[in-house]
Amino acid sequence: MTITTEQLSATTLLRFATAGSVDDGKSTLVGRLLHDSKSVLTDQLEAVEAASLKRGQEAPDLALLTDGLRAEREQGITIDVAYRYFATARRRFILADTPGHVQYTRNMVTGASTAELAVVLVDARNGVVEQTRRHAAVAALLRVPHVVLAVNKMDLVEYAEPVFAAIAEEFTAYAASLGVPEITAIPISALAGDNVVEPSANMDWYGGPTVLEHLETVPVSHDLAGCPARFPVQYVIRPQTAEHPDYRGYAGQIASGALRVGEDVTVLPSGRKSTITGIDALGESVDIAWAPQSVTVTLADDLDISRGDLIAPSGSAPRTTQDVEATVCHVADQPLSVGQRVLLKHTTRTVKAIVKEIPSRLTLDDLSQHPDPGQLVANDIGRVKVRTAEPLALDAYRDSRRTGSFLLIDPADGTTLAAGMAGNSFAAETVKVVADDEGWDF
Amino acid sequence: MTTTAATVGEGMDSPYALSHLDALESEAVHIFREVAGEFERPVILFSGGKDSIVMLHLALKAFAPAPVPFTLLHVDTGHNFPEVLEYRDRTVAEHGLRLHVASVQEYIDAGKLRERPDGTRNPLQTVPLTEAIQQHRFDAVFGGGRRDEEKARAKERVFSLRDEFSAWDPRRQRPELWQLYNGRHAPGEHVRVFPLSNWTELDVWQYIAREKIELPGIYYAHEREVFQRSGMWLTAGEWGGPKEHEQVETRLIRYRTVGDMSCTGAVDSDATTLDAVIAEIAASRLTERGATRADDKMSEAAMEDRKREGYF
């Protein structure tokens, strides 16, 4: 694949995550995407061939390309999320390669948190299984805008359309019930290369895009009209030099929407008002800037603003609250319990907080909820109510992944305990409450 | 940085799309500012290599018009390229920065480190580095490491907590969610920060071209006296090469990475301009480290093992 310099610098960036169970061919799919986009280079392949040979394997084991840690290679499994990079003439890709093992589901949450697209792999022979449902639920929970269902190993079911159609239908119905906005189903054979990069000659009944075509063309959301601007202040720039004696700029990355010079803004949580007098987009003075640009903003009035404050248009500022209701994914080995004192990190603000209630814990398999579990442990997903020491300008996660998300941190040792998503809905509203509380197997 | 739809490049599907370089730049600047906002004593590891040069450029942009609120630290192996040291000192002076130098040679002279039989000093950097971090009580240490460099680095977080021995434990890493970086650490611990995590070698070069950043001359093709060892072209010099059986020749070469002279290989190249370098890398079938680093070839997990001990 030949790419010119001009093409390279004009391309956009797509972040996506892959999810799949242990033996459904995820490594092969990732390997093929990397290989066919020239991202596996000769020395890497040689290293994989040498290592495979040393283990007595005849063919190069592509999983060795992605399993970077000693422990992963020893056990032949992926333990931790890894990030891969590849490019085509149309786009640059950051792939969060996440483990399929049940006990590492928190790593899929990590990968999905920044992904704009998730590829969920299923084995055509097995169809939709428990783990597929978990992956779909995590994608829905994290509000990944696009989900691709890759029905793999079509070569092992004689490339039969009805097999694909049945799986696609079952998955689409399930994912749609979770509130996944867009689902694209693609029949593939990662091993034989069908519909990964090249269209398959074995499945002429399929008229859709290949996996790579879809990755290259899926629209990345830039719908600024729908999201009001949010600008968390990261750092105050005050040179106090002879050249800039009075300069006071508020530096940050625009979390959503667009900021314009002349716009009336409110600073939260204080509620003080001012007007944007200038926007510096890393060296260039501009009239408008948008998410996710890092900029520096100056205001007409000399307000007391510091790290942790949020600047928003006065007409659409979020309300502030000290009572946070959220869905959290527990990511630490130590549990989270009712009454526990924690730190809550939201945008650039970290505040003291206390866990008031854990109303329910969710089973991703069937979306049932178990009331009052008392605590959450590793890989649990549950509803929590948290009281914070200071007001937060929090949006609902459904409105903004950036200003609706937060971390719960153990103040004693700094461990990240849980990933939080503010708001009262977990994806779709069809959750059923089940009283029995045994058999938590997530 | 663009502000109008008219200047948005080909292939963008919205006037509000950011080019991949703008997106990477924005993310890196965000990381620099997070560290400035949350840590007491951050430091940038600065070697005069292209990744650390890009890091410094991003830091300058992140805090303009104020100065960069970090000091710099260089671990000098004693076998550095003179052109690079000259570049380092000139850059530090130009921006009014403060530079700490931790010297491997001083450790060897004092008997605290022993020269390896193979003469490579890259692994010897770990002790001076970690001792400098402890001595100056740095609590955040910026490194130019990229995840595309090596498979152990692909597992590295943007914020990587290190214990009082600077050790990296890949199994006990904090999950990194959204853009919420957790920099909490106990006294004596520090956090390694990698703002270029998501950049590739090509991204770095395209950014250097776009921002017109000056680099040390060894990154461009030039004639140099080199000799071959373990399949790599090494610069002849007082550090320990060539040996009797090794033949010195003058070749047209350039460097893809800058490190210790004893283990950083040159590549044959006639790329004397930025455009030519970018074209060469886009066509290369070898990774940057595979082409030029001897120390990564020591074992299948060489990088992971060194990182566990405190190396970047």
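In this report, the structure presented in the accompanying data block is examined. Owing to the predicted nature of the structure, the values given are computational and were not obtained by experimental measurement.

1. Some points on the pairing of strand β9 (residues 248-255) of chain B
Residues and elements named next belong to chain B.
And then number 1: Bridge count between strand β7 (residues 222-229) and β9: six bridges; the pairing is antiparallel. In the sheet register, Glu225 faces β9, and the bridge partner there is Thr250.
And then number 2: As paired elements, β9 and strand β10 (residues 266-268) share three bridges and run antiparallel to each other. Looking across to β10, one finds that Tyr255 is bridged to Ala266.

2. Thoughts on the sheet that holds strand β1 (residues 42-45) of chain B
Sheet strands pair via backbone hydrogen bonds, and the direction of the pair is either parallel or antiparallel.
Residues and elements named next belong to chain B.
And then number 1: Taken in spatial order, the six strands of this open sheet run β3-β2-β1-β4-β6-β5, and their pairing is mixed. Single-partner strands in this sheet number two, and they are β3 (99-103) and β5 (159-162). Taking each pair of neighbouring strands and ignoring which way they run, the sheet shows an average axis angle of 30°.
And then number 2: Packed onto the sheet, helix α2 (residues 50-63) meets β1, β2 (71-76) and β4 (140-142) and runs at close to 140° relative to β1.

3. Brief notes about the environment of A:Asn126
Residues and elements named next belong to chain A.
And then number 1: With respect to the helices, strands and loops of the structure, Asn126 is situated in the loop between β4 (117-123) and α7 (130-141).
And then number 2: Among the residues examined, Asn126 registers a relative accessible area of 53% and is labelled exposed.
And then number 3: Along the primary structure Asn126 and Ile167 are separated by 41 residues, whereas in three dimensions their C-alpha atoms are 9.2 Å apart.

4. A word on the sheet that holds strand β6 (residues 182-187) of chain A
All names here are of chain A.
And then number 1: Strand order in the open sheet made by the six strands is β2-β3-β1-β4-β5-β6, with mixed pairing throughout. In the strand order of this sheet, the two ends are held by β2 (82-87) and β6, each with one partner. This sheet shows a mean twist of 25° between the axes of neighbouring strands, independent of strand direction.
And then number 2: Relative to strand β3 (residues 91-97), β2 runs antiparallel, the two sharing six bridges. When the bridges of β3 are listed, Tyr85 appears paired with Ile94.
And then number 3: Relative to β6, helix α8 (residues 161-178) is tilted by about 160°, and along the sheet it contacts β4, β5 (146-152) and β6.

5. As for the side chain of A:Gln340
Residue and element names in this part refer to chain A.
And then number 1: In this structure, Gln340 sits in the loop between β18 (336-337) and β19 (341-346).
And then number 2: Reaching out from Gln340, the side chain makes a polar contact with the backbone nitrogen of Ser337 at a distance of 2.7 Å.
And then number 3: If near-sequence neighbours (up to four positions away) are discounted, Gln340 is found in contact with Pro335, Ala353, Ile354, Val355 and Leu417.

6. Details of helix α3 (residues 42-54) of chain A
Residue and element names in this part refer to chain A.
And then number 1: For α3, spanning 13 residues, the distance from its first C-alpha to its last is 18 Å, which sits close to the expected 18 Å at 1.5 Å a residue.
And then number 2: Listed as buried for α3 are Asp43, Val48, Ala51 and Ser52.
And then number 3: Phi turns positive, to about 85°, at Gly56, one or two residues after α3.

7. Here we look at the packing of helix α1 (residues 20-38) of chain B against helix α6 (residues 201-211) of chain B
Residue and element names in this part refer to chain B.
And then number 1: At a minimum axis distance of 11 Å, the contact between α1 and α6 shows a crossing angle of 95°. In terms of orientation, α1 lies roughly perpendicular with respect to α6. Residues His20, Leu21, Asp22, Leu24 and Glu25 of α1 form the contact with α6, whose own contacting residues are Asp203, Gln206, Tyr207, Arg210 and Glu211.

8. Focus: unusual backbone geometry
And then number 1: A cis geometry characterises the amide bond from A:Ala291 onward to A:Pro292, with omega recorded as 0°.
And then number 2: Locating A:Pro292 in the fold gives a position in the loop between β14 (288-290) and β15 (294-299).
And then number 3: For the bond from B:Ala64 to B:Pro65, the omega torsion is 5°, close enough to zero to count as cis.
And then number 4: Counting through the fold element by element, B:Pro65 comes out in the loop between α2 and β2.
And then number 5: Non-glycine residue A:Leu282 carries a positive phi angle of around 55°.
And then number 6: Along the chain, A:Leu282 falls in the loop between β12 (272-280) and β13 (285-286).
And then number 7: One non-glycine residue, B:Arg137, lies in the positive phi region at around 50°.
And then number 8: Within the secondary structure, B:Arg137 is located in the loop between α5 (126-135) and β4.
And then number 9: Note on B:Arg137: relative accessible area 59%, which makes it exposed.

9. Here we look at the packing of aromatic side chains
And then number 1: A full pass over the atoms with the stated rule returns 17 aromatic pairs over all chains.
And then number 2: Ring geometry for A:Phe164 and A:Tyr206: centres 6.3 Å apart, planes at 85°, overall edge-to-face. Note that A:Phe164 is positioned in helix α8 and A:Tyr206 in the loop between β6 and α9 (211-217), a separation of 42 residues in sequence.
And then number 3: In this structure A:Phe164 comes out as buried when scored by relative accessible area, which is 9%.
And then number 4: Relative accessible area serves as the criterion here: at 14%, A:Tyr206 is assigned to the buried category.
And then number 5: Between B:Phe159 and B:Tyr181 the ring centres are 5.0 Å apart and the planes differ by 15°, which places this aromatic pair in the stacked class. With B:Phe159 in strand β5 and B:Tyr181 in the loop between β5 and β6 (190-193), the pair connects residues that are 22 residues apart, well separated along the chain.

So, how was this worked out
Residues numbered from 1 in each chain as written. Chains lettered and ligands numbered in written order. Predicted model: local features only at pLDDT ≥ 70, side-chain atom pairs only at ≥ 80, totals over all residues. Heavy atoms only, no water. Pairing = 2+ DSSP bridges. Helix = DSSP H or I, 4+ residues; strand = E, 2+ residues; numbered from the N terminus. Axes fitted to C-alpha atoms, helices over the stretch in contact; angles between N-to-C directions. Contact = heavy atoms within 4.5 Å. Buried < 20%, exposed > 50% of the residue type's maximum accessible area, 1.4 Å probe, protein only. Polar contact = N/O pair within 3.5 Å; in protein donor to acceptor, adjacent residues only side chain to side chain. Expected span 1.5 Å × (residues − 1). Parallel < 35°, antiparallel > 145°, perpendicular 65-115°, else oblique. Phe/Tyr/Trp six-rings, centres within 6.5 Å; stacked < 30°, edge-to-face > 60°.

Geometric descriptors of this kind do not, in isolation, establish any biological role.
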